[in-house]
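Listed here are the chains, written in short residue letters.
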Amino acid sequence: AAAAAAAAARDGGAWLSIERQWARRKAEAEDSFFGRMTPLAYATVQGWLAPPEGDMSARVTLVTQCSLDRLPRLRATLEAWRGPASVAVYIDAPRGSAAAAEREAALAQERRHLPAAVHTQLSISLLYARGGGMAEGGAEPGSAEEYDSLYPINALRNLAAGEARTELVFLLDVDFVPSAGLLRELQQQRPALLDTLAASRTALVVPAFEVDAAAPMPRVQSSLSALLRRGAASSFHEAHFRHGHGPTDAARWATASAPYEVAFEEYYEPYIIASRAWLPKYDERFRGYGMNKVQHLRAVAAAGARFVVLPLHFAAAHEHAKSAAWTRTLGPAAHPMHKMRIAALYARFKADAPPLPPPPPPHTRAPLAATPSGPAETARSAKKHRGDEGGDGAGADGS
């Protein structure tokens, strides 16, 4: 028996050695074919616009990023959130150039349109293009140089997260508008839930929905439900990438009044609220469009996170034209090397990442701490959001 165990250990060690050699040679071949896939250094300005110093009563900071063409969408997001926000803005020109100065002036002009309540809680950081910037060509199509010029989405996300002033962060893309009163309800009616997020590796999922471009943006659950019933809204990207938000279980969310836990699945990429104390950073090797948020949520899961869905509230985005990042990475004229490069990069990321922990069986998933406001207040909140108190609650947040 001892000899058999020794032989098994020897064979296992040999197999592991072969796997490591194969992984190394595979990475070398990919680097030779695609060009070395590494993070890049960018010129940045942290806190280009910073809120005044003082007591921070809010407990959650919204974290997002955008390019200058998305500034109108950013304004809608911030006005709906009505709380602390940290935003990284991409300046598609080298720092110190005349073009960068023009873009900075345009951004300064845009921020003057923000309400005072938003402006005083907003931090804006800047990240500048390398070389000639995103708008300028010159690199060989499909080359590593062209890939390196793509929108640096994960570098922007890390920059924004690093400038958040609260322990808890709400990681959201700029096209999404949070539901009315989301921050207020978390702080006033679910403080125990925020305590749980601060004290554990729990990721609070804010369900994401996509709304027809011609439909009004829903602000409360009852308005969203009406759009869902008539086919004018759906779970985000439900038709062509169900993996991204399917595990949230929109049907269950529609009737839930208490948070519920869901199991992580491959390619799940929800928008989450969690503690910066343990959240992994985004992998900055991912640029342009594709797998950049999937990568991060897989890292969150590998860190041992529980995924718990928030009832009643959500984030919604109108259908819109494809972004410049999508066009350059996956669009009809994009070079197929970029899609192949991102697929290879994601495979490498998974090979290097720690394994996912097994999901707990449903009957062993511990409930979250109850909110101190009690069941009566929870029921009243559910009625308000579902429209049982005064219509569809469109003015529930005073807007």
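Provided above is the structure to which this section pertains.
Please read all numbers here as calculations on a predicted model, not as lab measurements.

What counts as what
Residues numbered from 1 in each chain as written. Predicted model: local features only at pLDDT ≥ 70, side-chain atom pairs only at ≥ 80, totals over all residues. Heavy atoms only, no water. Helix = DSSP H or I, 4+ residues; strand = E, 2+ residues; numbered from the N terminus. Areas by Shrake-Rupley, 256 points an atom, 1.4 Å probe, with all protein chains shown as cover. Pairing = 2+ DSSP bridges. Contact = heavy atoms within 4.5 Å. Polar contact = N/O pair within 3.5 Å; in protein donor to acceptor, adjacent residues only side chain to side chain. Axes fitted to C-alpha atoms, helices over the stretch in contact; angles between N-to-C directions. Buried < 20%, exposed > 50% of the residue type's maximum accessible area, 1.4 Å probe, protein only. Parallel < 35°, antiparallel > 145°, perpendicular 65-115°, else oblique.

Peer 1: I'm lost on the overall build of the chain in this one. Help?
Peer 2: Helix and strand content of the chain: 14 helices and 13 strands. When the accessible surface of the chain is totalled, it reaches about 18,300 Å², and 55% of it is carbon and sulfur.

Peer 1: Explain the pairing of strand β12 (residues 306-309) here, please?
Peer 2: For a regular strand, the rule is simple: side chains alternate between the two faces of the sheet. As paired elements, strand β7 (residues 202-206) and β12 share 4 bridges and run parallel to each other. Across the sheet, the residue bridging to A203 is F307, located in β12. Pairing analysis gives 3 bridges linking strand β10 (residues 260-262) to β12, with the strands arranged antiparallel. Across the sheet, the residue bridging to Y260 is V309, located in β12.

Peer 1: I'm lost on the environment of T120 in this one. Help?
Peer 2: Note that T120 resides in the loop between α4 (116-119) and β4 (122-128). When the C-alpha positions of T120 and G83 are compared, they lie 9.3 Å apart, and in sequence the two are 37 residues distant. In this view, T120 contacts P51 and P52; residues no more than four positions away in its chain are not counted. Within the structure, the side chain of T120 is placed 2.9 Å from the backbone oxygen of A116, a separation counted as a polar contact.

Peer 1: Help me understand the sheet that holds strand β3 (residues 85-91), please; the structure alone is not making it clear to me.
Peer 2: The strands making up a sheet are joined through hydrogen bonds of the backbone, oriented either antiparallel or parallel. The strand order across the open sheet formed by 9 strands is β1-β4-β3-β2-β5-β11-β7-β12-β10, and the pairing between neighbours is mixed. Both edges of this open sheet fall to β1 (44-49) and β10, since each of them pairs with a single strand only. Averaged over all adjacent pairs, the angle separating strand axes in this sheet is 30 degrees, with direction ignored. Against the sheet, helix α2 (residues 71-81) touches β2 (60-67), β3, β4 and β5 (168-171), its axis set at about 170 degrees to β2.

Peer 1: Got a minute to help me understand the side chain of R157 in this structure?
Peer 2: Topologically, R157 is positioned in helix α6 (residues 153-162). Judged by its relative accessible area of 6%, R157 falls in the buried class. A distance of 3.0 Å separates the side chain of R157 from the side chain of D173, its partner in a polar contact. Once residues within four sequence positions are removed from consideration, R157 is found in contact with V63, Q65, D173, Y282, N292 and K293.

Peer 1: Help me understand the packing of helix α11 (residues 292-302) against helix α13 (residues 336-352), please; the structure alone is not making it clear to me.
Peer 2: Packed helices, taken two at a time, are described by the angle between their axes plus the distance between the axes. Closest axis-to-axis distance for the α11/α13 pair is 11 Å, and the angle between their directions is 10 degrees. Judged by the angle between their axes, α11 and α13 are roughly parallel. Contacts between α11 and α13 involve V294, Q295, R298 and A299 on the former and, on the latter, Y346, F349 and K350.

Peer 1: Whenever I open this one, the sheet that holds strand β9 (residues 233-235) confuses me. Can you help?
Peer 2: Spatially, the 4 strands line up as an open sheet ordered β6-β13-β8-β9, and their pairing is mixed. Each of the sheet's edge strands pairs with one partner strand only, and the pair in question is β6 (177-178) and β9. Across 4 bridges, strand β8 (residues 208-211) lies against strand β13 (residues 315-318) in parallel orientation. Within β13, the residue paired with V211 across the bridge is H318. Contacts from helix α9 (residues 221-229) reach β8 and β9, with the element oriented near 100 degrees to β9.

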